[in-house]
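Residue-level structure breakdown
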Amino acid sequence: MTGALEVALRVNADDLLAFFERRVEPRVDAADLLAETMLQAWRRKDATPASATEARMWLFGIARNVLSNHARGKRRRLALGDRLRANLQPPETTTEAAVTVRNAIASLRPDQRELVMLVHWDGFNLAEAAAILGINP
């Protein structure tokens, strides 16, 4: 890091993390947002103000933009999920045979279960399913 940016980040990192922790849910996202803020600041390192106060304000401005982008992305993901849920087909009537098949598949080892589902439910042939799973057909 360049000198001024390195100093500004060291001095303000805890405050920036607290800024995010107070504003995001789940709180663990705060660390990712701090990392993104540092990355954005690094990309603009030549614009780092020389004054400690101005550098702090500059970093918090970047943090606000990162937070806004995070919130916008979260809203888009939620809206997409809502649209997808609205388009889901109603579940098929579950027969005793269907329950038996699902229970049998559930009893397989995870890798075998995924192979069976890729072939029989998702329409891949064995070679394609093996390639997806990274195993020898």
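Our structure's up above, just so we're on the same page.
Residue numbers run consecutively from 1 along every chain, following the written order of its sequence. Per-residue local features of the predicted model are confined to residues with pLDDT of at least 70, and side-chain atom pairs are confined, for both listing and counting, to 80 or more; whole-chain, interface and lining totals are unaffected and use all residues. Calculation of side-chain values draws on the structure's entire complement of heavy atoms; hydrogens and water are dropped beforehand.

Remarks on the overall build of the protein
Rule in force here: Here a helix means four or more residues in a row that DSSP labels H or I, a strand means two or more in a row labelled E, and each is numbered from the N terminus. We take the radius of gyration over the C-alpha atoms and set the globule estimate at 2.2 Å times the residue count to the 0.38 power. The rule is simple: take the accessible area with a 1.4 Å probe, protein chains only, and divide by the maximum for that residue type; under 20% is buried, over 50% is exposed, in between is partly exposed. The contact rule is simple, with two residues in contact once any of their heavy atoms fall within 4.5 Å.
Assigned secondary structure in the protein consists of 6 helices and 0 strands. Each helix and strand of the protein, ordered N terminal to C terminal, gives the series α-α-α-α-α-α. Over its C-alpha trace the protein gives a radius of gyration of 24 Å, far above what one expects of a compact globule, namely 14 Å for 137 residues. The principal-axis extents of the C-alpha atoms in the protein amount to approximately 70 × 35 × 20 Å. When each of the 137 residues of the protein is scored for burial, the buried share is 26%. When contacts within the protein are restricted to residue pairs at least 6 apart in sequence, those whose partners lie at least 24 apart make up 45%.

Thoughts on the nonpolar core
Convention followed: In this text, buried Ala, Val, Leu, Ile, Met, Phe, Trp, Tyr and Cys residues form a nonpolar core when linked through side-chain atoms within 4.5 Å.
With 19 residues, the main nonpolar core has Phe20 and Leu59 as its most contacted residues. Counting only elements with at least two residues in this core, the list comes to helix 1 (3–21), helix 2 (29–43) and helix 3 (52–87). With 8 residues, the top contributor of residues to this core is helix 3. When sequence neighbours within four positions are dropped, the list of residues in contact with Leu59 reads Leu5, Ala8, Leu9, Asn12, Leu16, Thr37 and Ala41.

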